[in-house]
Amino acid sequence: MLLITCPWCGPRDETEYHYGGQAHVPHPENPGELTDEQWAAYVFYRDNPKGPFAERWMHSIGCRRWFNVLRDTATHEVLTSYRLDEPRPGGNR
Amino acid sequence: MTAQPLPEHPDFLWRTPEPRSSYDVVIVGAGGHGLATAYYLAKNHGITNIAVLEKGWLAGGNMARNTTIIRSNYLWDESAAIYEHALKLWERLPEELDYDFLFSQRGVLNLAHTLQDVREGVRRANANRLNGVDAQWLEPDEVAKVCPILNVSPRTRYPVLGATFQPRAGIAKHDHVAWALARRADELGVDLIQGCEVTGFLKDGDRVVGVETNRGRIHAGRVGLAAAGHSSVLAERAGVRLPVQSHPLQALVSELHEPVHPTVVMSNHVHVYVSQAHKGELVMGAGVDSYNGYGQRGSFHVIERQMAAAVELFPVFARAHVLRTWGGIVDVTPDASPIIGRTPVENLYVNCGWGTGGFKATPAVGWTFAHTLATGEPHPLNAPFALERFTTGALIDEHGAAAVAH
Ligand SMILES: Cc1cc2nc3c(=O)[nH]c(=O)nc-3n(C[C@H](O)[C@H](O)[C@H](O)COP(=O)(O)OP(=O)(O)OC[C@H]3O[C@@H](n4cnc5c(N)ncnc54)[C@H](O)[C@@H]3O)c2cc1C
Ligand SMILES: [Zn+2]
């Protein structure tokens with residue numbers, strides 16, 4: 001069981017949250033101009049690193065707000081959490 | 001049902017050769033998929049200058065961790081075709097490999113607990129029959145006849161409203177399947193090399209010409225990836241991006257019991273699946289943990305929920321003890337169907353994305369992936385499962401439809 005810190009409510013059990021996959025995936029700026037390959041990349045392709053991963057979580061049975069978590073997918077260590085309008089800590093998107 | 005004795009272990013099964021500097025085909029990953037691919041490359045295509053490279057020990061990945069359920073009751077034509085091909089191969093493999101790996105066709109029930117489940121189940125049973133797959137729709141009293149220990153009372157939280165039944169489905173002893181394939185592949189001249197991790201690729205322009213390993217460089221005419229949960233990590237080193245996400249998937253077993261459970265029961269809605277192993281353990285699984293992970297363990301609440309579901313469905317299990325839990329890493333695609341075929345890099349082929357259900361496909365993976373590696377072209381059965389489908393949009397969407405939530 002992961003212990004995840006909601007930026008608004010503090011540390012809570014994983015069961016209070018809903019997982020939302022990779023963070024920092026911007027909607028295409030000019031959707032009408034995308035090729036099929038670019039659409040595929042946006043819709044279907046996500047990073048899948050073995051190591052630190054910036055991902056979205058929602059505090060579904062708490063404040064119901066989305067936020068980002070930096071977590072190591074190999075060790076399950078939750079490195080930090082931050083608001084959606086904040087950049088990924090340590091750079092790299 | 002009576003307990004079957006376990007097969008005797010043969011004295012030795014395969015050689016442990018040193019890696020040579022070059023092979024016609026290098027397969028990465030000695031799980032069931034890699035081993036079956038090597039076996040059929042040798043048997044069907046006469047290609048025997050092959051190495052299967054395994055970073056750990058032979059079949060110690062998901063092959064050793066799965067709940068061994070074999071069935072072919074998938075909804076879509078493309079899926080039914082490849083899983084049914086696998087089931088037909090399973091039916092003759094023990095004799096062909098001369099190894100009794102306890103393939104037991106005890107049938108599978110996929111339970112329905114809501115009106116939508118009922119409609120989906122009836123539709124899938126009809127689709128299966130149109131595809132030549134044995135399938136029936138059973139009412140609750142008929143379900144109880146197949147599996148008398150199942151609670152079909154209308155007074156439970158999610159009553160059993162019926163089930164699909166595939167009589168030819170079943171289980172097999174997974175380790176023995178791997179050893180049977182390994183022995184035959186070895187006899188045909190395939191080098192099975194354990195403790196050999198692929199760390200990178202040798203390239204000549206946009207072509208792969210071999211692999212880098214912790215035991216040196218190995219040149220290869222063609223390279224086939226069969227690395228299950230680590231497919232994307234590996235493919236990235238060759239410059240190929242795969243639309244897969246790796247998730248922990250857990251299973252557990254109880255202590256040994258007398259034979260009480262005659263079939264395989266799966267429930268999508270309350271989410272547990274249960275069978276009884278040949279020795280007597282109750283074997284249970286459920287869905288993946290929601291988050292990405294490579295840690296080979298998952299969250300306790302997932303196990304808690306699957307046990308609650310199991311006890312409601314099988315009150316007789318209420319006093320069973322959990323003996324052991326474990327996790328594997330499975331790679332899941334956006335449409336819950338596998339990817340088998342070419343990659344944008346020449347001579348590099350991929351078999352991945354089997355998610356929670358690739359054990360049952362093992363012989364068909366070997367058959368079709370071997371064809372692709374031998375000819376450079378897809379087999380008709382794996383052609384629809386090409387990587388390009390995520391660009392063309394010709395998805396094979398088995399989410400939910402596959403009679404299991406992924
Ligand atoms: C808990 C659980 C229950 C499951 N239940 C079922 C079920 O009931 N029915 C079903 O059909 N399927 C089931 N599955 C899914 C099934 O186990 C997998 O889809 C299938 O085993 C994948 O193919 P494989 O056997 O080749 O994978 P694996 O056995 O995982 O083989 C991949 C191999 O690649 C090796 N490898 C990875 N990276 C490298 C590298 N860089 N260099 C060298 N080697 C490498 C790994 O060590 C591993 O041995 C289950 C899976 C799990 C985890
Ligand atoms: Zn909160």
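Each residue is numbered by its place in its chain's sequence as written, counting from 1. Ligands are numbered from 1 and chains lettered from A, in the order in which they are written. Totals for whole chains, interfaces and linings use all residues, but because this is a predicted model, local features are given only for residues with pLDDT of at least 70 and pairs of side-chain atoms are given and counted only at 80 or more. Side-chain numbers here rest on the full set of heavy atoms in the structure, without hydrogens or water.

An unreviewed UniProt entry annotates chain B as Sarcosine oxidase subunit beta originating from Streptomyces koelreuteriae. The annotation that UniProt attaches to chain B under Sequence similarities (unreviewed entry) is "Belongs to the SoxB family." UniProt positions are given in the numbering used here, feature names are shortened, and annotations may be inferred rather than shown by experiment. Its UniProt record, at the heading Subcellular location (unreviewed entry), says of chain B: "Cytoplasm".

Looking at an unreviewed UniProt entry, one finds chain A named Sarcosine oxidase subunit delta and attributed to Streptomyces koelreuteriae.

### A few points about the overall build of chain A
Here a strand is any run of E in DSSP of at least two residues, a helix any run of H or I of at least four, and the numbering for each starts at the N terminus. Looking only at helices and strands, chain A has 1 helix and 6 strands in total. Dimensions along the principal axes, computed over C-alpha positions, put chain A at roughly 45 × 30 × 25 Å. Per-residue burial over chain A gives 38% buried out of 93 residues. By definition in these notes, contact holds between two residues if any of their heavy atoms fall within 4.5 Å. Excluding contacts between residues fewer than 6 apart, the proportion of contacts in chain A whose partners are at least 24 apart in sequence is 46%. For the area figures, the Shrake-Rupley method with a 1.4 Å probe applies, and any residue is considered shielded solely by the protein chains shown. A total accessible area of about 5200 Å² is found for chain A, and carbon and sulfur atoms account for 49% of it. Placing the 10 positive and 13 negative side-chain charges of chain A at their respective mean positions leaves the two points 5 Å apart. The buried label goes to any residue with under 20% of its type's maximum accessible area, the exposed label to any with over 50%, and the partly exposed label to all in between, with areas taken from a 1.4 Å probe on protein chains only. His is not counted here, nor are the chain ends, while Lys and Arg score as positive and Asp and Glu score as negative. All charge positions are set by atom: Lys at NZ, Arg at CZ, Asp at CG, Glu at CD.

### Details of the side chain of Asp 331 of chain B
All names here are of chain B. Locating Asp 331 in the fold gives a position in strand S16 (residues 322–332). For salt bridges, the criterion is a side-chain nitrogen of Lys or Arg within 4 Å of an Asp or Glu carboxyl oxygen. One buried charged residue, Asp 331, remains without a salt bridge, the closest side chain of opposite sign being Arg 389 at 10 Å. Here a polar contact is recorded for every N or O atom pair within 3.5 Å, except that within protein the pair must consist of a potential hydrogen donor and a potential acceptor, and residues adjacent in sequence are included only if both atoms are side-chain atoms. Polar side-chain contacts of Asp 331 include one of 3.1 Å to the side chain of Ser 231. Leaving out residues up to four positions away in the same chain, Asp 331 has contacts with Ala 228, Gly 229, Ser 231, Val 244, Gln 245, Ser 246, Cys 352, Gly 353, Trp 354 and Gly 355.

### Comments concerning the site of ligand 1
All names here are of chain B. Residues are counted as near a molecule or strand when any one of their heavy atoms sits within 4 Å of it. Close contacts around ligand 1 come from 36 residues, with Glu 54, Asn 62, Met 63, Thr 67 and Lys 360 the closest. Between ligand 1 and Gly 32 there is a distance of 3.2 Å, counted from an oxygen atom to a backbone nitrogen or oxygen. Note that a nitrogen atom of ligand 1 is positioned 3.0 Å from one of the backbone N or O atoms of Thr 356. Across the complex, the protein chains shield 96% of the 1000 Å² of accessible surface that ligand 1 would expose by itself. Looking at the shell around ligand 1, the elements with two or more residues in it are helix H1 (32–45), strand S12 (245–256) and S16. Asp, Glu, Lys and Arg are counted as charged, while Ala, Val, Leu, Ile, Met, Phe, Trp, Tyr, Cys and Pro are counted as nonpolar; the rest, among them Gly, fall into the polar class. Class assignment for the residues of the shell around ligand 1 results in 15 nonpolar, 16 polar and 5 charged.

### Some thoughts on the coordination of the zinc ion (ligand 2)
Residues and elements named next belong to chain A. Counted as donors are N, O and S atoms no farther than 2.8 Å from the metal, or 3.2 Å for Na, K and Ca; water is not among the atoms, and sites may therefore look incomplete. Those donors, Cys 6 (SG), Cys 9 (SG), His 59 (ND1) and Cys 63 (SG), are the protein atoms that reach the zinc ion (ligand 2), and they lie 2.0 to 2.4 Å from it. Around the zinc ion (ligand 2), the 4 donor atoms are arranged such that angles at the metal cover 103 to 122°; this shape is classified as tetrahedral. In the primary structure, the donors to the zinc ion (ligand 2) are separated according to the pattern C-x2-C-x49-H-x3-C. In this pair, Cys 6 is assigned in strand S1 (residues 3–6) and His 59 in the loop between strand S4 (52–58) and strand S5 (66–72), connecting sequence segments 53 residues apart. Each member of the pair, Cys 6 as well as His 59, carries the same accessibility label: buried. For a four-donor site, all angles between 85 and 135 degrees give tetrahedral; for four or six donors, opposite pairs above 155 degrees with the remaining angles between 65 and 115 give square planar or octahedral; all remaining cases count as irregular.

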